[in-house]
Amino acid sequence: MARAGLTVDRLIAAAADLADEAGFENVTLSALARRFGVKDASLYSHVRGLEDLRTRLALHAGGELIDRIAPAVAGRAGKDALAAFAGAYRAYALEHPGRYAATQIRIDQSLIADSPALRRTAEITYGMLRAYGLDEPDLTDAVRLLRSTFHGYCALESAGGFGAARDVQASWDKAVDALHLALTHWPRETKEHD
């Protein structure tokens, strides 16, 4: 029987806090059970196992991230939208390192299709990029460029990887400027004619 008051939502919230405190890789069923003062087996009434827990945490964190990005980009287009998107992304990654790490795991594609938060993420991201006149397959390529740039920068920054005297925010702003130029002058995929 499940312990009174223990719910999936409470487990995921506790896992998110644990991820930020101890690192995503340290989110385990045992660590979570200790937080609630229960045996590991008690958690199986709510999650199927560690992979299920981490997937739910990733979806939760992805929802939090897009909830931060959406109002930042609302009513903006072009460089203003890109800078707002980038700033909200970076702030979340730096403020919630464990939750952010959860957003980087690979999730089963069928779960992505069923996730309102991840569908919303795609809509907002692709909508922002369509303002640059991009269509598929260029949209997917541009998303990959943004994600890898943002993730790489945030990972290096959070690890203290930028040791030069140059202000980190100034470098971030230049990176966003460079991405804007890249998107504005995107090398479009050409369609071959028969």
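See above for the structure.
Residues numbered from 1 in each chain as written. Predicted model: local features only at pLDDT ≥ 70, side-chain atom pairs only at ≥ 80, totals over all residues. Heavy atoms only, no water.

Trainee: Would you explain the nonpolar core in this entry?
Mentor: Soluble globular proteins tend to bury their nonpolar side chains together. One finds Ile69, Leu82, Leu129, Phe150 and Leu183 to be the most contacted residues of the largest nonpolar core, which totals 33 residues. Contributing elements (two or more residues each) for this core: helix H4 (50-73), helix H5 (78-95), helix H8 (116-130), helix H9 (138-158) and helix H10 (168-184). Looking at this core element by element, the count peaks at 9 residues for H5. Residues contacting Leu183, with those up to four places away along its chain left out, are Leu82, Leu129, Tyr132, Leu134, Ala142, Leu146 and Arg188. (Core = buried A, V, L, I, M, F, W, Y, C linked by side-chain atoms within 4.5 Å. Buried < 20%, exposed > 50% of the residue type's maximum accessible area, 1.4 Å probe, protein only. Helix = DSSP H or I, 4+ residues; strand = E, 2+ residues; numbered from the N terminus. Contact = heavy atoms within 4.5 Å.)

Trainee: Before we go on, may I ask you to explain the packing of helix H1 (residues 8-22) against helix H2 (residues 29-36) in this structure?
Mentor: The geometry of a pair of packed helices is captured by two quantities: the angle between their axes and the separation between those axes. Contact pair H1 / H2: the axes reach a minimum separation of 10 Å and the direction vectors enclose 110 degrees. Of the possible angle classes, the one that applies to H1 and H2 is roughly perpendicular. For the element pair H1 and H2, the recorded crossing hand is right-handed. Seen from H1, the contacting residues are Arg10, Leu11, Ala14, Ala15, Asp17, Leu18 and Glu21; seen from H2, they are Ala31, Leu32, Arg35 and Phe36. Residues that form the contact of H1 with H2 fall into these classes: 7 nonpolar, no polar and 4 charged. (Axes fitted to C-alpha atoms, helices over the stretch in contact; angles between N-to-C directions. Parallel < 35°, antiparallel > 145°, perpendicular 65-115°, else oblique. Left-handed = near helix turned anticlockwise from the far one by under 90°. Nonpolar A, V, L, I, M, F, W, Y, C, P; charged D, E, K, R; others polar.)

Trainee: How should I be thinking about the pattern of salt bridges in this particular structure?
Mentor: When charged atoms on two side chains of opposite charge get close, those side chains can pair. A complete count under the given rule lists 10 salt bridges for this structure. Among the ionic pairs, Arg56 bridges to Asp52, the shortest N-O distance being 3.1 Å. Here Arg56 and its partner Asp52 are both found in helix H4, 4 residues apart, which amounts to about one turn of the helix. On the basis of relative accessibility, which here comes to 30%, the residue Arg56 falls in the partly exposed class. (Salt bridge = Lys/Arg side-chain N within 4 Å of Asp/Glu carboxyl O.)

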